[in-house]
Every structure is written in C-alpha cells, then in structure tokens.
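# Observations on chain architecture
Given next are the chains, with one letter for each unit.
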Amino acid sequence: MQNSTAFSRQLAMDISHSSLLDEFKKAALQLRLHQLEAQPLNILFAGPQGVGKTSTIKALFGGALLEPSSSDAGRYEMGNLVVWDYPGHTGNPEQDAMLDMQLAATLTERDSNGNPLIDMVVVVLDAAERNLNSGYRLITEVLVPALGDKLDSRLVVGLNKVDAASYGYEWDYVVDSPSTEVEIWPESTATLLRHCMLDETGLEIAPVCYAAEFARRDEAARPFNLLKLMNQMVVKLPLEKKLTLIDAPLNAQTQAWYESDDRNNYLTEMENNLFDLVYEGAKDGARFGGLLGAYLGKQGRELGYLVRRNLRRTLHQD
C-alpha cells in the first residue's frame, strides 16, 4: 500500500499550487520529483540475536510494516520499501556458518539492472553488551567482503539500547534528556568500534547510539535518537533512493522522532539533504541567515519552506 500522504507526493502538490514559483521552476521541480519517485528500496537489518533488530524496524516504520506480506520469513514490504529482518546467530556453529553464507549471497545478489538488490545494510548491536565480538566479526568477516567497494555507502551501524547501557544512571527529568552519564558507555563503545573498523577495514564508519525503546519512569517507552539514525540512512543512500525512504510509512507515534542527543540539528541536516536533492545544484540547503533555500532567492525560499513544512509533517514535528 502506497502512503497517500507521502512526502514527495504532497511536496509536488504544494509546488503546483504555489503562487511564488514561476511555471518554468515548477516544471523543473516536478520533473525532478518524477525522476526520483517510485524507486524500489531494499534495507536489510542484521545483527546478533537479541540486539533489537525488530524493535528498531518497528521504531522506524511502525508496527504495520511488520505484518508479513510474502512467504519469506523476515521480509516485509509496503509500497516501494522492502525491509529484511535477517536472523542472528543461534550459537550452533554449523547453522551460524550457513546463515553467514546466506547473508553474503543475499548482499551480492543483483537486480535486473545489474545493481545490488540490497541498497543498505543496517547493523544493529547492543550498546549494553560488553563483548561486541560477535557483531564486530559479522561486520569485518561477512559484510565487508560482501559489500566490497560500496561498503561505505551501503552500511550503517547502530548501537541500540543506550538506556540499558547506562546501567545505574537515569534519565534527567529536569531537562527531559539523558543525563551525561547515560551517554558515556555507549559513546565510548562507539568510538572504540569506529577506530577498530578504521584500523581493520580502512573505512570511517561512525556507529549511531540510540534506543528503539527508551524506558522512562512512569511513561511508555519511546525511541531516543531515532532521527539521528534516520538522518544517517538518508545521507548514505544514493540520490535516487532517498525519497523512497522518506516516502515510506514512517512511525506515526507521537514524539517518536522528537528526542535526540542534540549534538547536531539532525532535522536541519535532513532538510538540507532533501532540498539539495530536489533543487539540483544546491549545496547545504542553500541557507542564508539560517533560512532554507534563501541563497537562491524568492523561489529558493519558497521551496525551502515547502520542504521544511512537509518534512516536519512527515516526522510529526510540526
């Protein structure tokens, strides 16, 4: 089922009804959106058992996606998005070796156009697990060889369960954010993984610390740093696939995309990325005075306003 209020569809409608965009610019922007729409996107989630792959998928795309739509276990499809929830190691050496072989074969499979079937692999690791050897070996021994020279643009690494990793530390309810101590252990682990992968693979891959279900006192669990994870995925996807991810049926839970570590303004980064995608030739959102698209004049400001409004609607941040 295609999302009837998808970001690109609503943006196209707003562009066509805008009184500030001239007909030539409208035609150019509509053509660009048409070139980028309806592209198939396959994302595979991998990692050891119990790290929260399924809960991460649910946090990103909501529970509706997890209803099986094919005979393949762990494969979910909605519109142009296909999500693969790949099983983790069982502890049986023979079964685990077979799983690794099947995973490698899936990642080297090509579509009818000769492009990789799997556009992106999101490796989920447990930030609370002191021994990350299983997940690290999955990356270096299975994924790196299978992904080849496209590794950097096809791999995102996430450290889930930062709330559990904080051990005795709690949420800072005064400022409604994690206390400084909460971030120490997972961020240290992320730095260690980053340097180890740089040393072994020669690639700079910075893991994203997040929680698919951050437990809070007397409150229902909800995601933390989900926007940071999504932003990393948008940044790494090829140009023609970015809109498919934003158009997917994203989590509609209130405040699912709200809380983050605030180290960067991830929403602004996504706005910049999408503006540059739609307005060819733009860079860093063509911002002037902090205003999206303002460097490109009146029509740039108008498109910036429309991109910003629709992205915030999509992520329920309006």
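First, a word on what this report is: a plain description of the structure on this page. If you're wondering where the values come from, they're calculated on a predicted model, not measured in any experiment.

Enumeration according to the criterion identifies 2 aromatic pairs in this entry. Here Phe214 and Phe224 contribute two aromatic rings whose centre-to-centre distance is 5.4 Å and whose plane-to-plane angle is 80°, an arrangement assigned as edge-to-face. Here Phe224 lies in strand S10 (residues 219–224) and Phe214 lies in strand S9 (residues 211–216), a separation of 10 residues in the sequence. By relative accessible area, which is 3% here, Phe224 ends up buried. Ring geometry for Phe275 and Tyr279: centres 5.6 Å apart, planes at 10°, overall stacked. For the pair shown, Phe275 and Tyr279 are each scored as buried. Its end group placed over the ring of Trp84, Arg75 keeps NZ or CZ at 5.4 Å from the ring centre.

Enumeration according to the criterion identifies 13 salt bridges in this entry. We note a salt bridge from Arg312 to Glu271, for which the minimum N-O separation is 3.2 Å. Of this pair, Arg312 sits in helix H12 (residues 297–314) while Glu271 sits in helix H11 (residues 266–278), and the two are 41 residues apart along the sequence. Taken individually, Arg312 and Glu271 each receive the classification buried, so the pair is uniform in this respect.

Right, let's get into the pairing of strand S4 (residues 120–126). Counting buried positions along S4 gives 7 out of 7 residues, so the element sits mostly inside the fold. Bridge analysis of strand S1 (residues 41–46) against S4 gives 4 bridges, and the strand direction is parallel. Looking at S4, one finds that Leu44 is bridged to Val121. Both S4 and strand S5 (residues 155–160) contribute to a ladder of 6 bridges, which runs parallel. Paired with Val121 across the bridge in S5 is Leu155.

Read across the open sheet, the 6 strands follow the order S2-S3-S1-S4-S5-S8; overall the sheet is mixed. Of all strands in the sheet, those bounded by a partner on one side alone are strand S2 (75–78) and strand S8 (208–209).

For the rest of this paragraph, the subject is the packing of helix H3 (residues 53–61) against helix H9 (residues 226–236). Packing of H3 against H9 brings their axes to within 11 Å, and their N-to-C directions diverge by 85°. The pairing of H3 with H9 is recorded here as roughly perpendicular in orientation. Where H3 abuts H9, its residues Thr56, Ala59 and Leu60 lie against Leu226, Leu229, Met230 and Met233. By residue class, the composition of the contact of H3 with H9 is 6 nonpolar, 1 polar and no charged.

Each α-helix turn comprises 3.6 residues. Residues three or four places apart therefore point the same way. With 14 residues, helix H2 (residues 23–36) should cover 20 Å at 1.5 Å per step; its first-to-last C-alpha distance of 20 Å lies within 8% of that length. Within H2 the residues assigned to the buried category are Lys25, Lys26, Leu29, Arg32, Leu33 and Leu36. When H2 is viewed along its axis, its buried side chains cluster within an angular range of 130° and face the same direction. Within H2, the exposed residues directed more than 90 degrees away from the buried face are Glu23, Phe24 and His34. Packed against the buried residues of H2 are helix H1 (7–17), helix H10 (239–247), H11 and H12. Where H2 begins, one side-chain oxygen reaches toward the backbone nitrogen of Phe24, 3.2 Å away; that side chain belongs to Asp22. Just beyond H2, the residue with positive phi is Ala38, at close to 60°.

Basis of the calculations
- Residue positions are given per chain, counting from 1 as you read along its sequence in written order.
- Local features in this predicted model are restricted to residues of pLDDT 70 or higher, and side-chain atom pairs are both shown and tallied only at a pLDDT of 80 or more, whereas totals for entire chains, interfaces and linings draw on every residue.
- No hydrogens and no water enter the side-chain calculation; it runs on all heavy atoms of the structure.
- Pairing of aromatic side chains requires ring centres within 6.5 Å, counting the rings of Phe and Tyr and the six-membered ring of Trp. Pairs whose planes differ by under 30 degrees are stacked, by over 60 edge-to-face, and all others tilted.
- Secondary structure elements follow DSSP: runs of H or I of four or more residues count as helices, runs of E of two or more count as strands, with numbering from the N terminus.
- Each residue is placed in one exposure class: buried if its accessible area under a 1.4 Å probe, protein chains only, is under 20% of its type's maximum, exposed if it is over 50%, and partly exposed if it falls in between.
- Each ring is checked for a lysine NZ or an arginine CZ that lies within 6 Å of its centre and within 35 degrees of its normal; such an atom marks a charge sitting over the ring.
- By definition here, a salt bridge exists when the distance from a side-chain nitrogen of Lys or Arg to a carboxyl oxygen of Asp or Glu is within 4 Å.
- Being paired, for any two strands, means DSSP has found at least two bridges between them.
- Angular values range over 0 to 180 degrees, each being the angle between N-to-C directions of two axes fitted as lines to C-alpha atoms, with helices fitted over their stretch in contact.
- Roughly parallel refers to an angle under 35 degrees, roughly antiparallel to one over 145, roughly perpendicular to one between 65 and 115, and oblique to any angle outside these ranges.
- By definition in these notes, contact holds between two residues if any of their heavy atoms fall within 4.5 Å.
- Note on residue categories: nonpolar means Ala, Val, Leu, Ile, Met, Phe, Trp, Tyr, Cys or Pro, charged means Asp, Glu, Lys or Arg, and polar means any other residue, Gly included.
- By this rule the span expected of a helix is its residue count minus one, scaled by 1.5 Å.
- Note that the arc is defined by the directions from the helix axis to the C-beta atoms.
- A 3.5 Å cut-off defines polar contacts: any pair of N or O atoms within that distance qualifies, except that in protein one atom must be a possible hydrogen donor and the other a possible acceptor, and neighbouring residues in sequence count only when both atoms are side-chain atoms.

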